[in-house]
Amino acid sequence: MFPHHSRSLGRDWTTPWENLQRCCWNRHISSCMRWPGHYYQAPYPYFSSRHFSLNWRPPCLFESRTQFQYCNWRPDNLSQTSLIHLSSYVMNAEGDEPSSKRRKHQGVIKRNWEYMCSHDKEKTKILGDKNVDPKCEDSENKFDFSVMSYNILSQDLLEDNSHLYRHCRRPVLHWSFRFPNILKEIKHFDADVLCLQEVQEDHYGAEIRPSLESLGYHCEYKMRTGRKPDGCAICFKHSKFSLLSVNPVEFFRPDISLLDRDNVGLVLLLQPKIACAASPAICVANTHLLYNPRRGDIKLTQLAMLLAEISSVAHQKDGSFCPIVMCGDFNSVPGSPLYSFIKEGKLNYEGLPIGKVSGQEQSSRGQRILSIPIWPPNLGISQNCVYEVQQVPKVEKTDSDLTQTQLKQTEVLVTAEKLSSNLQHHFSLSSVYSHYFPDTGIPEVTTCHSRSAITVDYIFYSAEKEDVAGHPGAEVALVGGLKLLARLSLLTEQDLWTVNGLPNENNSSDHLPLLAKFRLEL
């Protein structure tokens, strides 16, 4: 039970009925009133601002015992210890357009499938359409599959950061309400591969994994190191893939002071199941990089570690790389140096302020510059984001030793190489989303809460060779490459606030799921 004194519920508050009587007899109520009948603590009806004329004192509640016109209910049914729940959101005239973070009526935002080519619209199955025979989806020369990336919002993190959800009604924040909604989304879209972030360990073992396995998924999970009990999961349909290898990546390194954060990644190598043709494996990676906007050095190093693992897993015997899909919450915005590095394959970070790496910090004042190199040599990862082969120098006896001049020249060359400020990777990665609506230039949004509404979630993929001609890294051979067939549209911040932001009654994370459909030409 709630204690019988005023208590904050985000931006709302509760107070005993007798306190309300003392403070509200002679006051006009301009904000909406809610009687939370669904709370077990307060079994009385639910009213909203729709039941009142704004800036009007409802006489049935505060002056008379006349019957309320919308409900056969009288205020004398309230005991002296009952709690009333008032919202601090002030609504303007009915015709006014609501501003962000103001309580809205319940509603559903429509997301449409966007097709990359006009002819694909007719040929491509919309995910969730059960009337399409999956056997007709693939042929001998192609393999179609779909990927969902979704930060499902760990319940522990939600409760630890409750200030981000002050706009939400409390019931929609309960895990018992949220998980059925999340599972409903997963069932509806029916993706072949799921990359999930902020998967809480106890919920994963008790509910998430069993539920997904019952839907035909095989699940792999990597929990964060340290005290936070959440992590990343990759789940895939048995009917579409077989598992070749599982490769977890821990970004925490006790021997390196820079890497003192507990984020993780997970890299799987999957073999498409096609009976009539041989196909290359597909490398699927999932991660959740550090949030802290002021620690771009850690973010870039974590990304380099993930790329090094992907390079190791996706590398083929002939020196080429199999197709790659890299998903996750990268805690970086479009156009930021970190984002550009992923897409362009190179980054010169000389003179770059540490807080500018992810693009989340607006001002670089007082920020230190990234050190060169960012991470120490004992990490074992080169500036090309691959694992360095640890070679023991071969010592041979010679008739003459190196002269001092030769030693100095060798030292200068080694120092110059180690102090390079150029990062590179060898993948030709494209983003599924364009991040801005073409007609208006308004940014797309993947996450929305009380503090911000931005894009931090991505699906990157190895584009087909013809799609990356002339791009950095295009000289690296891929086996096939992937063609983007369709993507589930994203929304604007204004769209999301029309349904009271995230989470809400229908969307139970503070992130939107990202979905894409790919084709692998064989």
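Each value, and the rule that gives it
Residue indices begin from 1 for each chain and proceed along its sequence in written order. Local features in this predicted model are restricted to residues whose pLDDT is 70 or higher, and side-chain atom pairs enter the listing and the counts only when it is 80 or higher, whereas totals over whole chains, interfaces and linings include all residues. Think of the side-chain values as coming from all heavy atoms in the structure, minus any hydrogens and water. Only DSSP runs of H or I covering at least 4 residues are called helices, and only runs of E covering at least 2 are called strands; the numbering of each starts at the N terminus. Under the scheme applied here, a residue whose accessible area is under 20% of the maximum for its type counts as buried, over 50% as exposed, and between as partly exposed, the area being computed with a 1.4 Å probe on protein chains only. Contacts between residues were defined by any pair of non-hydrogen atoms, one from each residue, lying within 4.5 Å. Using a 1.4 Å probe, the Shrake-Rupley method yields the accessible areas, and only the shown protein chains count as cover for residues. The term salt bridge refers to a pairing of a side-chain nitrogen on Lys or Arg with a carboxyl oxygen on Asp or Glu at a separation within 4 Å. Two strands qualify as a pair provided DSSP detects at least 2 bridges between them. Angles run from 0 to 180 degrees between N-to-C directions of axes, and those axes are lines fitted to C-alpha atoms, restricted for helices to the stretch in contact. What a helix is expected to span follows from its residue count: subtract one and scale by 1.5 Å. Values of bend correspond, residue by residue, to the angle between axes fitted over the seven residues ending at that residue and the seven starting there. Each residue gets a pLDDT score, which is the predictor's confidence in that residue and runs from 0 to 100.

Colleague: I would appreciate a short explanation of the overall build of the chain in the present structure.
Modeller: Each helix and strand in the chain was counted, giving 10 helices and 21 strands. Out of the 522 residues belonging to the chain, those deemed buried represent 52%. Once local pairs closer than 6 in sequence are excluded, the contacts in the chain between residues at least 24 apart make up 73%. Counting only carbon and sulfur atoms, one obtains 49% of the accessible surface of the chain, whose full area is about 25,000 Å².

Colleague: Explain the pattern of salt bridges here, please?
Modeller: Where charged atoms from two side chains of opposite charge come close, those side chains can pair. Per the stated rule, a full pass over the model turns up 13 salt bridges. Two residues, Arg295 and Asp297, come together in a salt bridge whose shortest N-O distance is 3.1 Å. Accessibility expressed as a relative area gives 4% for Asp297, which makes it buried. Its salt-bridge partner being Asp297, residue Arg368 comes within 2.8 Å of it at the nearest N-O pair. In this pair, Arg368 sits in the loop between β14 (346-348) and α9 (404-418) while Asp297 sits in helix α7 (residues 296-314), placing the two residues 71 residues apart along the sequence. Under the relative-accessibility criterion, Arg368 is labelled partly exposed at 43%. Linked through salt bridges whose partners overlap, the residues forming this network are Lys142, Asp144 and Arg519.

Colleague: How do you make sense of the environment of Trp497 when you look at a structure like this?
Modeller: Note on placement: Trp497 falls in helix α10 (residues 493-497). It is 10.0 Å that separates the C-alpha atoms of Trp497 and His167, two residues lying 330 residues apart in sequence.

Colleague: Hey, could you run me through the sheet that holds strand β12 (residues 282-288) in this one?
Modeller: Through backbone hydrogen bonds, the strands of a sheet pair up, either in parallel or in antiparallel fashion. If you walk across this open sheet you meet the 6 strands as β10-β11-β12-β13-β19-β16, and the pairing is mixed. Of all strands in the sheet, those bounded by a partner on one side alone are β10 (241-250) and β16 (429-431). Taken pair by pair, the neighbouring strands of this sheet meet at an average axis angle of 20°, ignoring direction. In the sheet, β10 pairs with strand β11 (residues 264-272) via 9 bridges, with the strands oriented antiparallel. Each bridged residue has a counterpart across the sheet, and for Phe241 the counterpart in β11 is Pro272.

Colleague: How should helix α6 (residues 201-214) be read in this particular structure?
Modeller: For the α-helix, the turn length of 3.6 residues means that residues three or four positions removed from each other point alike. A rise of 1.5 Å per residue sets the reference length of α6, with its 14 residues, at 20 Å; its end C-alpha atoms lie 18 Å apart and thus fit the reference within 8%. Along α6, the sharpest kink reaches roughly 40°, centred on Ile208 and followed within four residues by the proline Pro210. Those residues of α6 not exposed but buried are His203, Tyr204, Ile208, Ser211 and Leu212. Elements in contact with the buried residues of α6: α4 (155-160), α5 (175-189), β7 (193-200), β8 (217-223) and β9 (230-237).

Colleague: Can you help me understand helix α8 (residues 337-344) in this one?
Modeller: Extensive coverage of α8 is indicated by the burial of 6 of its 8 residues. Within α8 the residues assigned to the buried category are Pro337, Leu338, Tyr339, Ser340, Phe341 and Ile342. Turning to α8, the residues buried within the fold contact α7, β13 (324-329), β14, β15 (422-424), β16 and β19 (457-462). Two residues or fewer after α8 comes Gly345, characterised by a positive phi angle close to 85°.

Colleague: Explain the confidence of the model for the chain here, please?
Modeller: Low pLDDT marks stretches whose predicted atomic positions should not be read closely. Counting all residues, the mean pLDDT for the chain is 78, and 66% of those residues have values of 70 or more. Overall, residues 122-136 carries pLDDT values under 50, and its contacts beyond four positions in sequence, including any with other chains, amount to 19 contacts.

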